[in-house]
Amino acid sequence: MRSRITAAPYLLWAVLFIVIPLVLVAVFAFTNTGGGFTLENFKNSADYAPVIFNSIWLSMIATAICLVIAYPLAYVISRRSAGSQRTMIMLIMLPMWMNFLLRTYAWMTLLENNGLINKLLGFLGLGPFEMINTQGAVVLGMVYNYLPFMILPLYSVMVKIENSLVEAASDLGCSASDTMKHVLLPLSMPGVTTGIIMVFVPSVSTFVISRMLGGGSFMLIGDLIEMQFLGNAYNPNLGAAISMVLMFIILICMALTNLFKDPEEKEGLLL
Amino acid sequence: MQNNNTLISLRNISVEFDGQKVLDRISLDISDKEFVTLLGPSGCGKTTTLRIIGGFVDPTEGDIFFDGKKINGLPPHKRQVNTVFQRYALFPHLNVYENVEFGLKINKIPEEERRKRVKEMLALVNLRGFELRRVGNLSGGQQQRVAIARALVNHPRVLLLDEPLGALDLKLRKEMQIELKRIQKQLEITFLYVTHDQEEALTMSDRVVVMRDGEILQIGSPTDIYNEPVNAYVADFIGESNIIDGIMREDYFVEFAGKMLPCTDSGFGKNMPVDVVIRPEDWEISEDGKGQFNGVVESTIFKGVHFENIVDAGNIKFMVHTTQEHQPGSRIGLSIIPDYIHIMHKMGKDETLELGALAADSLLTDEEEAASEEE
């Protein structure tokens, strides 16, 4: 009984700020401006399929790049002494102390046509290159902003893999790549799935990065939804419908990643 | 010691970690099918020696030969040795069968042979029926067996064991000691075993290597090491000992604790200071006044098989093992036959200081005490 009482504030919180808003979004999605039931909004959101696919595609690329960068890095950190592990993790967290917008602005000035990078390349007789307002710039922004969310779960899993396991693998005939494939990868899988979710979910729904680094020249789902609520295309019903589609996509992605997990270690995800 | 049976040969191996010498010019030959134990306190370099052979540590200086070939720098996965790690290092994501199968799979042994060999090995370590169990759910002793099976299934030339029984309770440890010896005999594989437990070393080994501070003090059969320790340190480490300062008055006569007694050693030179080592179980007990030494039983502890008594013989205290109980305060006589008086060369002064309290108590005999007071 006591656990119920102590859980009450959290339950109240969850109902107030999670369940009720979700219900409201659903209500908006299934009604028209007059308040009548309709599926029109979902039908209309199908028009934006290219935007949705593009969002997913870019986020997948960003997530993959994060994984490729973060995995070896997390492993290297996890094999260091406790002191230098702390320092390195600190350094990785450091950019996160800065405001998200500020970080993204910084990339704008770096990537601009007459920005820092192009100027430096100009000295070498190269460029200028068209870097800002490209899909590449958006992916770069996603990778830069969300990389720590990939490193941290990977690191926290890998730091628990004892060095003697790596030695045992090598003792039993594993080359470095065999050890990777047969010991490290399976043991770090929970970190990989968590990292993928932690990077993919915010990437797919971002609108700031695409607006600032993509220059609004192409839209992502996040931009689309924001426009329906705050922008000139004001249509909350359609925005809510697209939000629900996005939520559905994310849930599917999480369920898929969960499939890779060890059946005994499945975490309490919704699906 | 080099013979044509030698499988592993360490030549003047030194290892430094961060400028600190861990091994100091060690040389050791290990024969094929031999059970060799590296024995010593923690930090003596025994595990480092094992890791050099396993390929996890590269010697700073010196060479290591395997079957006559130099293998310095050869990575572990290319060596014909397997290791049983201190804390087993079983793969938590694999079950018992998959753990044992691991090395065979990596070395691309065909499925059928793999199954046969894993089965054999699990039978050998008495783990039949455990194939599908997760390793995390096994007891310490069972994990231990999986670790042994996982190493042995690859048919290594040498099995390296790094304090494999350290985490087990006493009874299980004794069982596993016998088990390991049986497996070693049955498979005819060279075992190199690391432990700090002298009893374990004496029970299982063909040869024992006693180490301290990165050096080898003595190599010999368990009986040699026990009966003829090269110095007081080894004597003290291998079983309990009374270590007493003495002076070799002439061949076959030693003076200690104010008494001149016959012994069986010679060739030390006249009036040479020596360490006299007497095992506590070697004393003969008699009535008070009838022994070479007579004293008061100061304390007595029941140890199961015997009583451990500290006897105060006036200017010196002896540790004495008896089968009969002697009440503290009672007086007894102690005698020792010449065979059981072991005479050893003195170690350096700083080394003597590290020895046990008993030895420190008996550092000076009456005569020397008087002499030092005059100075």
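This text goes with the structure placed above it.
Residues numbered from 1 in each chain as written. Chains lettered and ligands numbered in written order. Predicted model: local features only at pLDDT ≥ 70, side-chain atom pairs only at ≥ 80, totals over all residues. Heavy atoms only, no water.

*Asks:* Can you explain the pattern of salt bridges? Please cite residues and give values.
*Replies:* Residues and elements named next belong to chain B. In total, this model carries 28 salt bridges over all chains according to the counting rule given. A salt bridge links aspartate 24 to arginine 25; its shortest N-O distance comes to 3.3 Å. The shortest N-O distance in the salt bridge between lysine 346 and aspartate 275 comes to 2.8 Å. One end of the pair, lysine 346, is in the loop between strand S20 (342-345) and helix H9 (349-353); the other, aspartate 275, is in strand S14 (residues 272-278), with 71 residues separating them in the sequence. The class for lysine 346 is partly exposed, based on a relative accessible area of 31%. What emerges from the salt-bridge pattern is a single network uniting Glu101, Glu111, Arg114 and Arg115. (Salt bridge = Lys/Arg side-chain N within 4 Å of Asp/Glu carboxyl O. Helix = DSSP H or I, 4+ residues; strand = E, 2+ residues; numbered from the N terminus. Buried < 20%, exposed > 50% of the residue type's maximum accessible area, 1.4 Å probe, protein only.)

*Asks:* Quick one: what's the story with the side chain of Asn41(A), residue by residue and with numbers?
*Replies:* Residue and element names in this part refer to chain A. Its location among the elements puts asparagine 41 in helix H2 (residues 40-45). A distance of 2.9 Å separates a polar side-chain atom of asparagine 41 from the backbone oxygen of threonine 31. The contact partners of asparagine 41, leaving out residues within four places of it in the chain, are Phe28, Ala29, Phe30, Thr31, Asn237, Leu238 and Ala241. (Polar contact = N/O pair within 3.5 Å; in protein donor to acceptor, adjacent residues only side chain to side chain. Contact = heavy atoms within 4.5 Å.)

*Asks:* So, helix H9 (residues 176-204) of chain A: which residues are in play, and what are the values?
*Replies:* Taking 1.5 Å of rise per residue, the 29 residues of H9(A) would be expected to cover 42 Å, yet its terminal C-alpha atoms sit only 35 Å apart, more than 12% below that figure. Of all the bends found along H9(A), the most pronounced is centred on Met189(A) and spans about 55 degrees, while Pro190(A), a proline, follows it within four residues. (Expected span 1.5 Å × (residues − 1). Bend = angle between axes of the 7 residues up to and from the residue.)

*Asks:* Pulling in residues and values, what's your account of the packing of helix H3 (residues 49-78) of chain A against H9(A)?
*Replies:* All names here are of chain A. At a minimum axis distance of 9 Å, the contact between H3 and H9 shows a crossing angle of 140 degrees. Taken together, the axes of H3 and H9 lie oblique to each other. Helix-helix and strand crossings are classified by hand; for H3 and H9 the assignment is right-handed. When H3 is examined against H9, the residues Ser55, Ile56, Ser59, Met60, Thr63, Cys66, Leu67, Tyr71 and Tyr75 are found in contact with a partner set consisting of Met180, Leu184, Leu185, Ser188, Val192, Ile196, Val199, Phe200, Ser203 and Val204. Considering only residue class, the contact of H3 with H9 consists of 14 nonpolar, five polar and no charged. (Axes fitted to C-alpha atoms, helices over the stretch in contact; angles between N-to-C directions. Parallel < 35°, antiparallel > 145°, perpendicular 65-115°, else oblique. Left-handed = near helix turned anticlockwise from the far one by under 90°. Nonpolar A, V, L, I, M, F, W, Y, C, P; charged D, E, K, R; others polar.)

*Asks:* An account of the sheet that holds strand S16 (residues 293-302) of chain B is needed here, citing residue identities and associated values.
*Replies:* All names here are of chain B. With antiparallel pairing, the five strands of this open sheet are ordered in space as S15-S19-S16-S17-S18. For this open sheet the edge positions go to strand S15 (284-286) and strand S18 (317-322), each flanked by a neighbour on one side alone. The mean angle between the axes of side-by-side strands here comes to 45 degrees, regardless of whether they run parallel or antiparallel. (Pairing = 2+ DSSP bridges.)

*Asks:* So what about the packing of H3(A) against helix H7 (residues 135-158) of chain A? Which residues, and what values?
*Replies:* When two helices pack together, their arrangement is given by the angle between their axes and by how far apart the axes lie. All names here are of chain A. Packing of H3 against H7 brings their axes to within 6 Å, and their N-to-C directions diverge by 40 degrees. The angle between the axes of H3 and H7 places the two elements in the oblique class. For the crossing formed where H3 meets H7, the hand is right-handed. Residues belonging to the contact of H3 with H7 are distributed by class as follows: 24 nonpolar, five polar and no charged.

*Asks:* If you had to explain the environment of Glu215(B) to someone new, which residues and values would you point to?
*Replies:* Inspection of the secondary structure assignment puts Glu215(B) in strand S10 (residues 215-220). Assessed through its relative accessible area of 39%, Glu215(B) is described here as partly exposed.

*Asks:* Explain the sheet that holds strand S3 (residues 35-39) of chain B to me, and be specific about the residues and the numbers.
*Replies:* All names here are of chain B. Reading across from one edge, S6-S7-S8-S3-S9-S10 is the order of the six strands in this open sheet, with mixed pairing throughout. At either end of the open sheet lies a strand with only one pairing partner, and these are strand S6 (81-84) and S10. For this sheet the average axis-to-axis angle between neighbouring strands, irrespective of direction, equals 20 degrees. Examined bridge by bridge, strand S7 (residues 158-162) and strand S8 (residues 190-195) share five bridges and lie parallel to one another. Counterpart to leucine 159 in the pairing with S8 is phenylalanine 191. Relative to S8, helix H5 (residues 170-187) is tilted by about 155 degrees, and along the sheet it contacts S3, S7 and S8.

*Asks:* Describe the packing of aromatic side chains, with residues and values.
*Replies:* Residues and elements named next belong to chain B. Applying the stated rule across the entire model yields 16 aromatic pairs over all chains. When the centroid spacing of 6.2 Å and the interplanar angle of 10 degrees are considered together, the rings of tyrosine 233 and phenylalanine 237 count as stacked. Here the residue tyrosine 233 and the residue phenylalanine 237 both occupy positions in helix H8 (residues 232-237), the gap between them amounting to four residues, near one helical turn. Their ring planes at 90 degrees and their centres at 6.1 Å tell us that tryptophan 283 and phenylalanine 293 sit as a pair that is edge-to-face. (Phe/Tyr/Trp six-rings, centres within 6.5 Å; stacked < 30°, edge-to-face > 60°.)

*Asks:* Give me the lowdown on the side chain of Ser210(A), citing residues and values where you can.
*Replies:* Residues and elements named next belong to chain A. Structurally, serine 210 is set in helix H10 (residues 208-213). A distance of 2.6 Å separates polar atoms of two side chains, one belonging to serine 210 and the other to aspartate 223. Once residues within four sequence positions are removed from consideration, serine 210 is found in contact with Val138, Gly215, Gly216, Leu220 and Asp223.

*Asks:* Just give me the short version of the state of the cysteines, but keep the residues and values in it.
*Replies:* Residues and elements named next belong to chain A. Inspection of every chain in the model, using the stated rule, returns zero disulfides over all chains. Lacking any disulfide linkage, cysteine 253 is separated from the closest cysteine sulfur, that of cysteine 66, by 15 Å. Classification of cysteine 253 as partly exposed rests on a relative accessible area of 25%. (Disulfide = S-S within 2.5 Å.)

*Asks:* Describe the environment of Gly136(B), with residues and values.
*Replies:* Residue and element names in this part refer to chain B. Tracing the sequence through the fold places glycine 136 in the loop between helix H3 (111-124) and helix H4 (140-152). A relative accessible area of 63% means that glycine 136 is categorised as exposed. Along the primary structure glycine 136 and leucine 90 are separated by 46 residues, whereas in three dimensions their C-alpha atoms are 8.8 Å apart.

*Asks:* Any details on unusual backbone geometry? Residues and values, ideally.
*Replies:* All names here are of chain B. One non-glycine residue, aspartate 67, lies in positive phi territory at about 55 degrees. Within the secondary structure, aspartate 67 is located in the loop between strand S4 (61-66) and strand S5 (69-70). Note on aspartate 67: relative accessible area 40%, which makes it partly exposed. Located in the positive-phi region is tyrosine 88, a residue other than glycine, with phi close to 70 degrees. Inspection of the secondary structure assignment puts tyrosine 88 in the loop between S6 and helix H2 (96-106).

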